[in-house]
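Okay, here's what each chain looks like letter by letter:
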Amino acid sequence: MYRKPNPIGLDLISFAYFILGIINIFLGFSIFTSIHLILIDLSGFSRLLRHLSIVYSGASLIILGSLQIAISYGLSETKVWAFILALAESTANMIATVYTFLSAGNSTEASIIWLIINMIITVYLICRFPRKKREAESE
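Residues numbered from 1 in each chain as written. Predicted model: local features only at pLDDT ≥ 70, side-chain atom pairs only at ≥ 80, totals over all residues. Heavy atoms only, no water.

### Some points on the side chain of Ser 72
Then comes step 1: Structurally, the position occupied by Ser 72 is in helix 3 (residues 44-76).
Then comes step 2: Accessibility expressed as a relative area gives 7% for Ser 72, which makes it buried.
Then comes step 3: Setting aside residues no more than four positions away along its own chain, Ser 72 makes contact with Ser 14, Tyr 17 and Phe 18. (Helix = DSSP H or I, 4+ residues; strand = E, 2+ residues; numbered from the N terminus. Buried < 20%, exposed > 50% of the residue type's maximum accessible area, 1.4 Å probe, protein only. Contact = heavy atoms within 4.5 Å.)

Encoded structure:
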């Protein structure tokens with residue numbers, strides 16, 4: 001069966017999600033493997049709380065990376081669920097970037113660039129959102 005090729009923009013976004021997923025999974029496992037180095041100077045209850053927060057950080061990065069790889073696959077296959085998840089993630093990234101702008105008060109160039117990239121991704125995904133083709137209603 002012949003399948004129409006994806007637009008280059010969709011392939012680029014899919015590839016970016018795949019790379020981000022690999023990086024996040026790598027960082028998550030790096031946090032798990034280096035936890036003993038981070039906790040050397042801590043003791044008692046503080047050590048337990050720090051340990052739990054580091055474990056949760058590593059686990060959340062692994063989950064996020066796995067989700068990004070799934071989104072990458074779904075976008076390459078033009079699945080509706082992947083578009084919805086990608087839109088949700090890029091919108092959440094925009095909200096988080098604006099929040100750090102307002103709360104921290106530091107507007108670095110990287111934050112501005114990240115905000116612009118997420119806006120472009122969101123607009124592009126909305127424009128390319130797969131729609132059902134209407135069947136002929138004439139009878």
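Past the structure itself, the notes keep going.
### Focus: unusual backbone geometry
Then comes step 1: For Thr 78, which is not glycine, the phi torsion reads 50° and is therefore positive.
Then comes step 2: Mapping Thr 78 onto the fold places it in the loop between helix 3 and helix 4 (80-104).

### Notes on the packing of helix 1 (residues 8-33) against helix 5 (residues 109-127)
Then comes step 1: One way to put it is that helix 1 packs onto helix 5 with a least axis distance of 11 Å and a crossing angle of 130°. Judged on the interaxial angle alone, helix 5 and helix 1 are oblique. The chirality of how helix 1 crosses helix 5 is left-handed. Listed contacts from helix 5 to Gly 9, Leu 10, Ile 13 and Leu 20 of helix 1 are Trp 114, Ile 121, Tyr 124 and Leu 125.
Then comes step 2: Within the contact of helix 1 with helix 5, the residues separate by chemical class into seven nonpolar, one polar and no charged. (Axes fitted to C-alpha atoms, helices over the stretch in contact; angles between N-to-C directions. Parallel < 35°, antiparallel > 145°, perpendicular 65-115°, else oblique. Left-handed = near helix turned anticlockwise from the far one by under 90°. Nonpolar A, V, L, I, M, F, W, Y, C, P; charged D, E, K, R; others polar.)

### Some thoughts on the confidence of the model for the chain
Then comes step 1: Mean pLDDT for the chain: 81, with 77% of residues reaching 70 or above.
Then comes step 2: No element of the chain has a lower mean pLDDT than helix 2 (residues 35-38), which averages 61, and none a higher one than helix 1, which averages 91.
Then comes step 3: The low-confidence segment residues 134-139, where pLDDT is below 50, has zero contacts with residues more than four positions distant or belonging to other chains. (pLDDT = per-residue confidence, 0-100.)

### Notes on the nonpolar core
Nonpolar side chains in soluble globular proteins tend to end up buried together.
Then comes step 1: In terms of nonpolar packing, the biggest core is built from 11 residues, these being Leu 10, Ile 13, Tyr 17, Ile 71, Leu 75, Ala 82, Phe 83, Ala 86, Leu 87, Ile 121 and Leu 125.
Then comes step 2: Here this core gets four residues from one element, more than from any other, and that element is helix 4. (Core = buried A, V, L, I, M, F, W, Y, C linked by side-chain atoms within 4.5 Å.)

### Concerning the layout of surface pockets
Then comes step 1: Of the voids in this model, the largest pocket is the one considered here, and its volume is about 370 Å³.
Then comes step 2: Lining the largest pocket are 14 residues, and of these Lys 4, Asn 6, Pro 7, Thr 78 and Arg 128 lie nearest its centre.
Then comes step 3: A per-class count over the lining of the largest pocket returns six nonpolar, two polar and six charged.
Then comes step 4: Roughly 280 Å³ of internal volume is contained in the second largest pocket.
Then comes step 5: As for the second largest pocket, its lining consists of 15 residues, of which Ala 16, Leu 20, Trp 114, Ile 117 and Ile 121 are closest to the centre.
Then comes step 6: When contributions to the lining of the second largest pocket are tallied by element, the ones reaching two or more residues are helix 1, helix 3, helix 4 and helix 5.
Then comes step 7: The dominant element in the lining of the second largest pocket, judged by the number of residues it contributes, is helix 1, at six residues.
Then comes step 8: Tallied by class, the residues present in the lining of the second largest pocket amount to nine nonpolar, five polar and one charged. (1 Å grid on protein atoms, 1.4 Å probe; cavity = no way out; pocket = protein on both sides within 12 Å on 5 of 7 lines; lining within 4 Å. Points joined across faces, edges and corners; volume = space filled by probe spheres on them.)

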